[in-house]
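# Structural characterization, general
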Amino acid sequence: MDALILQTAASGAPVTAVAGTFALFALFLSLTAHIAVRNVLGDVELKKAFAVGPVPAAIAVVFTTFGWNSFVALALAIGLDFTLVKYLYGRSNRLSAYVVFIHFVVTVILGVILFGLLVILTSAPI
């Protein structure tokens, strides 16, 4: 609980906003991780993807809240994503790196599409 209070004190956001942002981002990253792993490895368990998503989401929320270097956050998130994919799915380094690359690509593409739809819907005349 102290970590949430510390994060919200740094940015001025309420605790519920930080928790909600983390939860939605973790869900989004879990979905894109499952899409990537399923695309590369075939039929896999969905519950493993829910272990992959929260780690990069937590890194993103913490680094953004405190205004730390985003390139360090990206490198750390990709590195931990690789570690989790390798550990959870038990594949080689090369195949795990390919899965992480596909996860990154799927996340960027789906994020751009969803953000574009949000911008279009919010700018539509009433």
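Computed from a predicted model, the values in this text were never measured in an experiment. (Residues numbered from 1 in each chain as written. Predicted model: local features only at pLDDT ≥ 70, side-chain atom pairs only at ≥ 80, totals over all residues. Heavy atoms only, no water.)

### A word on the nonpolar core
Side chains of nonpolar character tend, in soluble globular proteins, to be buried together. Put simply, the rule is: Among buried residues, those of type Ala, Val, Leu, Ile, Met, Phe, Trp, Tyr and Cys that are joined through side-chain atoms within 4.5 Å constitute a nonpolar core. Only protein chains enter the accessibility calculation, which uses a 1.4 Å probe; a residue whose area is less than 20% of its type maximum is buried, one above 50% is exposed, and one in between is partly exposed. In this description a helix means any DSSP run of H or I spanning at least four residues, a strand means any run of E spanning at least two, and both kinds are numbered starting from the N terminus. Two residues qualify as a contact provided that any one of their heavy atoms is within 4.5 Å of a heavy atom in the partner residue.
Counting 11 residues, the largest nonpolar core is built from Ala33, Val37, Leu41, Val44, Ala49, Val52, Leu84, Val85, Tyr89, Val99 and Val100. Of all the elements in the fold, those that place two or more residues in this core are α2 (15-41), α3 (46-52), α5 (70-89) and α6 (93-123). Sequence-distant contacts of Val100, defined by excluding residues within four places in its chain, comprise Ile78, Asp81, Phe82 and Val85.

### Quick notes on a nonpolar patch on the surface
As a reminder of what qualifies: Patches draw on residues past 30% relative accessible area with no salt bridge. Two like charges within 9 Å are joined, as are two nonpolar side chains (Val, Leu, Ile, Met, Phe, Trp, Tyr) within 5 Å. In short, Shrake-Rupley with a 1.4 Å probe defines the accessible areas, and a residue's cover is counted only from the protein chains shown. One speaks of a salt bridge when a side-chain nitrogen belonging to Lys or Arg is within 4 Å of a carboxyl oxygen belonging to Asp or Glu.
A surface patch of nonpolar side chains, about 410 Å² in accessible area, is lined by Leu74, Ile78, Phe104, Val108 and Val112. For the nonpolar patch, the secondary-structure elements that each account for two or more residues are α5 and α6. Of all the elements, α6 adds the most residues to the nonpolar patch, at three residues. In this structure, Phe104 sits in helix α6. Of the residues examined, Phe104 reaches a relative accessible area of 39% and is grouped as partly exposed.

### What to know about the packing of helix α4 (residues 54-66) against α5
To keep things clear, this is the line we draw: With axes taken as lines fitted to C-alpha atoms, and helix axes fitted only over the stretch in contact, angles between N-to-C directions fall between 0 and 180 degrees. In what follows, roughly perpendicular refers to angles from 65 to 115 degrees, roughly parallel to angles under 35, roughly antiparallel to angles over 145, and oblique to any angle outside these ranges. Here is the rule for handedness: rotate from the far helix to the near one, and if that takes an anticlockwise turn smaller than a right angle the crossing is left-handed, while a clockwise turn gives right-handed. Gly falls in the polar group here, along with every residue not listed as nonpolar (Ala, Val, Leu, Ile, Met, Phe, Trp, Tyr, Cys, Pro) or charged (Asp, Glu, Lys, Arg).
Packing of α4 against α5 brings their axes to within 9 Å, and their N-to-C directions diverge by 165°. Regarding the angle of α4 to α5, the classification is roughly antiparallel. Considering only the axes of α4 and α5, their crossing is right-handed. Facing α4, whose interface residues are Val55, Pro56, Ile59 and Phe63, α5 presents Val72, Ala73, Leu76, Ala77, Leu80 and Leu84. Of the residues in the contact of α4 with α5, the class split is 10 nonpolar, no polar and no charged.

### Describing the packing of α2 against α4
When two helices pack together, their arrangement is given by the angle between the helix axes and by the axis-to-axis distance. Following both chains from N to C, one finds α2 and α4 inclined at 140°, their axes separated by 8 Å at the closest point. Taken together, α2 and α4 sit at an angle that is classed as oblique. Between α2 and α4 the crossing geometry is right-handed. Counting all contacts with α2, which are made through Val18, Thr21, Phe22, Phe25, Ala26, Leu29 and Ser30, the residues of α4 involved are Pro54, Pro56, Ala57, Ala58, Ala60 and Val61. Residue composition of the contact of α2 with α4, by class: 11 nonpolar, two polar and no charged.

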